[in-house]
Amino acid sequence: MRFIDTHAHLDGEEFATDRHDVMQRAQQAGCTAIMVPAIDLSSSARIIHLCRQHPGFLYAMVGLHPEEVKSDWQQQLNAIHQLVDLHSPQLIAIGEVGLDYYWSREFEQEQLQAFEQQVGWSVQTRLPLMIHSRKAQNEMVRLLRGYESELPGGVFHCFTGNEHEALELLQFQHFVLGIGGVLTFKKSHLPQVLASTVPLERIVLETDAPYMAPVPLRGQRNESAYITHVIEHLALAYGVSEETVAEVTTATAQRVFGLN
């Protein structure tokens, strides 16, 4: 069984002492590629450097995460844009970008402006988007609809919504839903939502490591090898084999991110 982890913060301090071992365990579990999203300028540069050390296995994203949009957001974006212009072969997407109004709306307008600029980068470069949205789906959808015919596609990261929210996001033809450990949680409604509303071909696998480890590892540091638990739950939800889930989601990830 082979699979792709489309979202793991492998550059984080949580992996500083055993990053190589984490990657080795991922490969032993069947992981053929890990996509590493940035959250700001420093992580964008760090991730490109990390991915250069592991070509063909680690792939970089650069961008400004909505929670990192502060008073210096425009300066950070200008510098990150320079990294995009370098056209590094490791650069596979613009992300992690989007809107997050869960904690505060203090920088609401700045988040919208930063997100729109980065959507523009995606349109210009044809690099897909890795989109983070929390308590902001209405605003996110409204902004994206202005670019709908031009967007190359991407992933709505960490989808945990209901049937209506899923259908709304699936209207963006070239986008898919990122599904991770939340699917396995005891009180999660995701198995029913996905099976009734979302074609398996519109799903990619993700960990969001080191966060949101799946059951039975909930509360531990997450890592790419643990995606096998997500695959197991998706197979049960859709009534197919685990091999089918792995094959279909891998093909989808390859299509969205332009991997061979």
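Reading guide: rules and limits
- Residues numbered from 1 in each chain as written.
- Predicted model: local features only at pLDDT ≥ 70, side-chain atom pairs only at ≥ 80, totals over all residues.
- Heavy atoms only, no water.
- Patch = residues over 30% accessible without salt bridge, like charges linked within 9 Å, V, L, I, M, F, W, Y side chains within 5 Å.
- Areas by Shrake-Rupley, 256 points an atom, 1.4 Å probe, with all protein chains shown as cover.
- Salt bridge = Lys/Arg side-chain N within 4 Å of Asp/Glu carboxyl O.
- Lys, Arg positive; Asp, Glu negative; His and termini not counted.
- Charge placed at Lys NZ, Arg CZ, Asp CG, Glu CD.
- Helix = DSSP H or I, 4+ residues; strand = E, 2+ residues; numbered from the N terminus.
- Buried < 20%, exposed > 50% of the residue type's maximum accessible area, 1.4 Å probe, protein only.
- Contact = heavy atoms within 4.5 Å.
- Pairing = 2+ DSSP bridges.
- Right-handed = clockwise from strand over helix to strand, strands pointing away.
- Phe/Tyr/Trp six-rings, centres within 6.5 Å; stacked < 30°, edge-to-face > 60°.
- Lys NZ or Arg CZ within 6 Å of the ring centre and 35° of its normal.
- Polar contact = N/O pair within 3.5 Å; in protein donor to acceptor, adjacent residues only side chain to side chain.

(A) Region of interest: a negative patch on the surface. On the surface, Glu232, Glu242, Glu243 and Glu247 cluster together into a patch of negative charge. Broken down by element, the negative patch gets its largest block of residues, three residues, from helix α9 (residues 242-257). Within the fold, Glu242 resides in helix α9.

(B) Representation of helix α5 (residues 137-145) in the model. Taken as a whole, α5 has its buried residues at Gln137, Glu139, Met140, Val141, Leu143 and Leu144. On its buried face, α5 sits against β4 (91-100), α4 (108-125), β5 (129-134), β6 (154-156) and α6 (163-170).

(C) Examining the pairing of β4 more closely. For β4, the buried fraction is high: ten of the ten residues fall into the buried class. In this sheet, β4 lies alongside strand β3 (residues 58-62) in parallel orientation, the contact comprising three bridges. When the sheet's bridge partners are listed, Met61 is paired in β4 with Ala93. Judged from the six bridges that link them, β4 and β5 form a sheet pairing that is parallel. For Val97, the partnering residue across the bridge sits in β5 and is Ile131. Considered for its hand, the β-α-β crossover made up of β4, α4 and β5 is right-handed.

(D) Spatial organisation of the packing of aromatic side chains. By the definition in use, this model includes four aromatic pairs. Consider the rings of Tyr102 and Trp103, whose centres lie 4.8 Å apart with planes at 90°: the pair is edge-to-face. Aromatic ring contacts, followed pair by pair, group Phe156, Phe172 and Phe175 into a single cluster. Lying over the aromatic face of Phe185, Arg218 brings its terminal NZ or CZ to 3.6 Å of the ring centre.

(E) Just the environment of Asn222, in detail. Mapped onto the fold, Asn222 is located in the loop between β8 (203-205) and α8 (227-238). Spatially, the C-alpha atoms of Asn222 and Glu14 are 9.8 Å apart, while their sequence positions differ by 208 residues. Leave out the neighbours within four places in its chain, and Asn222 touches Phe15, Thr207, Ala209, Pro210, Tyr211, Met212, Ala213 and Pro214. For Asn222, the side chain forms a polar contact with the main-chain oxygen of Met212, separated by 3.2 Å.

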